[in-house]
Protein chains: 2
Amino acid sequence: MTFWNSLSKEQLKELYSSTLKEYEACKGKGLKLDMSRGKPGSDQLDLSNDMLSMSLDTFKCDGVETRNYGVLEGLESCRELFAQILGVQADQVFIGGNASLNLMYDVIAKAYTHGLKNSPAPWAKLDKVKFLCPVPGYDRHFTISSTFGMEMINIPMTEDGPDMDRVEEAVKDPLVKGIWCVPKFSNPQGIVYSGATIERMAALKPAAPDFTIMWDNAYVVHEFEGEFVPLPDIVSACAKAGNPDMVYEFASTSKITFPGAGVGAFASSVGNIEYMKKLISAQTIGYDKINQYRHVRYFGNLDGILEHMRKHAKIMRPKFDIVIKYLDERVAPFGIASYHCPKGGYFVSLETMPGCAKRTHALAKDAGVTLTGAGATYPNGKDPLDSNLRIAPSFPPVQELEMAMDVLCTCVKMASLEKLINE
Amino acid sequence: MTFWNSLSKEQLKELYSSTLKEYEACKGKGLKLDMSRGKPGSDQLDLSNDMLSMSLDTFKCDGVETRNYGVLEGLESCRELFAQILGVQADQVFIGGNASLNLMYDVIAKAYTHGLKNSPAPWAKLDKVKFLCPVPGYDRHFTISSTFGMEMINIPMTEDGPDMDRVEEAVKDPLVKGIWCVPKFSNPQGIVYSGATIERMAALKPAAPDFTIMWDNAYVVHEFEGEFVPLPDIVSACAKAGNPDMVYEFASTSKITFPGAGVGAFASSVGNIEYMKKLISAQTIGYDKINQYRHVRYFGNLDGILEHMRKHAKIMRPKFDIVIKYLDERVAPFGIASYHCPKGGYFVSLETMPGCAKRTHALAKDAGVTLTGAGATYPNGKDPLDSNLRIAPSFPPVQELEMAMDVLCTCVKMASLEKLINE
């Protein structure tokens, strides 16, 4: 095969006309397929059904009546479970409601209304707040920054995580108040931050005393290939580097048990936990302890979680294999797009030729395949090169996924040929 | 019996020495009783246990997969259930997480960070925000106001609800941005707002365009004496009066099923729901739909809820009867305190002689009986007359409640005698 950028206009036009036929055939199928969000498939949801019907006996956990008010920071056993998952201590864990995203929002919201533990002033009192956004990244992180009116600064991702030279430079600006990170199986590229990246992140010397690493460890136990590999504990790393309060780490069971009916948590220094507990005590009497208890009873400990995750892996891996197979066979040979082959997480990040992401998205949509919006992986939806697309293969059943990838590959080819012909 | 304020010093001293003996006897019992918070007793919690183990079949409700992400505003059937409870329309309901308190906090927090629908500016940009606080009232409302630095203005309660003359006067100040209300079985007095009060509230003409009634209908179906009596629908009343966006109404199943594992909701104009949905979409993908579905399946409709509430009433009424019996027999005859006899809700409000609340609380504490902190029913914990105490009889079993009320009556007598003797 020859890379298409070395072909003549005539050759390209020939290719275009055959690809157009392929595309029209796709459209003719009247498909309605969705690869837009990182939603578990229904077979994944079924894995945890027993949790919903199991007996909870006396409803007591650690001597606490789980059905009544109280215990703002969460059940001790649930804090311990998350401590094992994150490799931290139980007293460094705060258990929240059904969504870690809500906890991230709450931390940022409280930074605005009250300030964080080391804030000279609430961020709402500042004229400008800047936040570092490794790109491509998770659209919902950027949405939180956006809803609070932050200026977002793109930081390129490398194979080892965010470009730390850029980060170290950026944090010299006292208006830079934090950074969004998905350190393991990053959304969307599936990159795992290297030990060196994590060490440099923990050792940052930001000008802002309340600079905060928003460490969204959403895929902490979500390997679908190979065994569980723990990531170095960022909370300890920050403490060792003299930055004990610099990080909030987030995790949830949304993609372990049920999205929306799981348990979310954050880990941080004991000082931050105490500080947040005080602020959160004005917000709620406590979160859903019955659901915390369900999770504790169902999993017991990290081993129970990992055993459960191997069942998810068995469902996820074939889907990612399909995505990669299609890209390897139908896109890679022509040099028109690149991608990572992640070993966990929920996404494959596709890098088209510059200027081809939106067009590919539109073509796919017209052929009945919904992808995450082009640009969504960048702050304010603005992908400067218009080249990144996020593929979320978890939700469609295998057969639908094959059809969707078939369409997608055709669309990437179409968009690339249009570009090459018009260059 | 003679009212003690007409007795001579000698008579009072005699009474004091006999009451002191009673008190010392109480102390000698080494009690450890709690009447501090409105927590349901464990027999009340047991009423809903079946909800936790019932089959949810396909986990589909209204065609929605309850186990997966999505449907930010809540399941349609759950919105309908709350619409029936509150006497509003389903499209005026937003279903949240486990706590209506958290929704109240979120509305105020968003007023600060983003502004409400009709706000000229986010409240965080203002030098001062004032909020009306009917007193005595609910401490957690005041805590929300306090954590955001509001100036709280006391509004006296009457038998018909807040003193509306004062409210109508106060809202002429454009810095006055809202009012906290518990319209049915108010916390702590158990007062039900009259129709006239509700009408005047809905027809307010505040100077602030974003003045907001925080209508905490926490005890909407919580009659323990007599049948359910619906309150006029405040959302419609505001709309009719030309103030469609002026109210957020809150309710939850915390005291219907499980505190902490119930479902919270708010009702408001469709415009406010849309406005809030947009802001909340940055905060979470959605709340716990499985728990919403549990509630829908378990209760079906308002009738199901009311049938369930009659079971609560059977447990609650005898407890309130004990409280009132003790007060009627051991306190009322001496003219040393007054109180309401509520027909629903969770509290009895005790009005001691001025200057006696803190002392009564301290005496009770020393005798092993924990009451809600004296002053807690006032903003910033400052009861200007030091006379209000909140009695929460739901949590202790009947026998313990009898002992606790015995102690409390003795302590009220002690504190009153100390005051009368030293006057």
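Here the structure is a predicted model, which is why all the values come from computation and not from measurement.

Draft legend 1. Local environment of the nonpolar core. Counting residues in hydrophobic clusters, the biggest one holds 70 residues, and the most contacted among them are A:Ile108, A:Trp123, A:Trp180, A:Phe266, B:Ile108, B:Trp123 and B:Phe266. In this view, A:Trp180 contacts A:Met104, A:Ile108, A:Phe131, A:Leu132, A:Cys133, A:Pro134, A:His141, A:Phe142, A:Ile144, A:Ser145 and A:Met214; residues no more than four positions away in its chain are not counted. By size, the runner-up hydrophobic cluster in this structure holds 61 residues, among which are A:Met201, A:Val235, A:Val247 and B:Phe258.

Draft legend 2. Examining the packing of helix 4 (residues 76-86) of chain A against helix 11 (residues 289-299) of chain A more closely. All names here are of chain A. Across the interface, helix 4 lies against helix 11 with an axial gap of 9 Å and an inter-helix angle of 55°. With respect to each other, helix 4 and helix 11 are oriented oblique. Judged by the sense of rotation from one axis to the other, the crossing of helix 4 with helix 11 is left-handed. Between helix 4, through Ser 77, Cys 78 and Leu 81, and helix 11, the contact on the second element is made entirely by Gln 292, His 295 and Val 296. Of the residues in the contact of helix 4 with helix 11, the class split is three nonpolar, three polar and no charged.

Draft legend 3. Geometry of the environment of A:Cys409. All names here are of chain A. Structurally, Cys 409 can be placed in helix 14 (residues 398-422). For the pair Cys 409 and Ala 207, spaced 202 residues apart in sequence, the C-alpha separation works out to 46 Å. The contacts of Cys 409, once residues within four sequence positions are left out, are Tyr 326, Leu 327, Arg 330 and Val 331.

Draft legend 4. View of the interface of chain B and chain A. The interface is formed by 51 residues belonging to chain B together with 51 residues belonging to chain A. Carbon and sulfur atoms supply 52% of the area buried between chain B and chain A, which totals about 4,200 Å² over both sides. Counting the surface chain B buries against chain A, the share from its top three residues, B:Leu52, B:Arg67 and B:Tyr69, is 17%. Summed over the shared surface of chain B and chain A, the number is two salt bridges. Of the charged contacts, one joins B:Asp46 and A:Arg67 as a salt bridge, the two residues approaching to 2.8 Å between their closest N and O atoms. Taken together, the links from chain B to chain A amount to 18 residue pairs in polar contact (both at pLDDT 80 or more). Where the side of chain B that touches chain A is concerned, the elements lending two or more residues are helix 2 (42-46), helix 5 (100-113), helix 6 (139-147) and helix 11 (289-299) of chain B. No other element matches the seven residues that helix 5 of chain B contributes to the side of chain B that touches chain A. Tallied by class, the residues present in the side of chain B that touches chain A amount to 22 nonpolar, 17 polar and 12 charged.

Draft legend 5. Spotlight on the packing of helix 5 (residues 100-113) of chain A against helix 6 (residues 139-147) of chain A. All names here are of chain A. Across the interface, helix 5 lies against helix 6 with an axial gap of 11 Å and an inter-helix angle of 30°. The angle between helix 5 and helix 6 places the two elements in the roughly parallel class. In this structure, the crossing between helix 5 and helix 6 has a hand that is right-handed. Facing helix 5, whose interface residues are Leu 101, Met 104, Tyr 105 and Ile 108, helix 6 presents Arg 140, His 141, Ile 144 and Thr 147. Its residues placed into classes, the contact of helix 5 with helix 6 shows five nonpolar, two polar and one charged.

Draft legend 6. Seen up close, the pairing of strand 13 (residues 348-352) of chain A. All names here are of chain A. Taking burial as the measure, the five residues of strand 13 include four buried ones, the bulk of the element. For strand 12 (residues 337-339) and strand 13, the ladder comprises three bridges, and the chain directions are antiparallel. Along strand 13, the bridge assignment pairs Tyr 339 with Leu 350. Here strand 13 pairs with strand 15 (residues 388-391) via four bridges, running antiparallel. The residue bridging Ser 349 from the neighbouring strand is Arg 390, located in strand 15.

The rules behind each value
- Residues numbered from 1 in each chain as written.
- Chains lettered and ligands numbered in written order.
- Predicted model: local features only at pLDDT ≥ 70, side-chain atom pairs only at ≥ 80, totals over all residues.
- Heavy atoms only, no water.
- Core = buried A, V, L, I, M, F, W, Y, C linked by side-chain atoms within 4.5 Å.
- Buried < 20%, exposed > 50% of the residue type's maximum accessible area, 1.4 Å probe, protein only.
- Contact = heavy atoms within 4.5 Å.
- Axes fitted to C-alpha atoms, helices over the stretch in contact; angles between N-to-C directions.
- Helix = DSSP H or I, 4+ residues; strand = E, 2+ residues; numbered from the N terminus.
- Parallel < 35°, antiparallel > 145°, perpendicular 65-115°, else oblique.
- Left-handed = near helix turned anticlockwise from the far one by under 90°.
- Nonpolar A, V, L, I, M, F, W, Y, C, P; charged D, E, K, R; others polar.
- Buried area = accessible area lost by both parts, 1.4 Å probe.
- Salt bridge = Lys/Arg side-chain N within 4 Å of Asp/Glu carboxyl O.
- Polar contact = N/O pair within 3.5 Å; in protein donor to acceptor, adjacent residues only side chain to side chain.
- Pairing = 2+ DSSP bridges.

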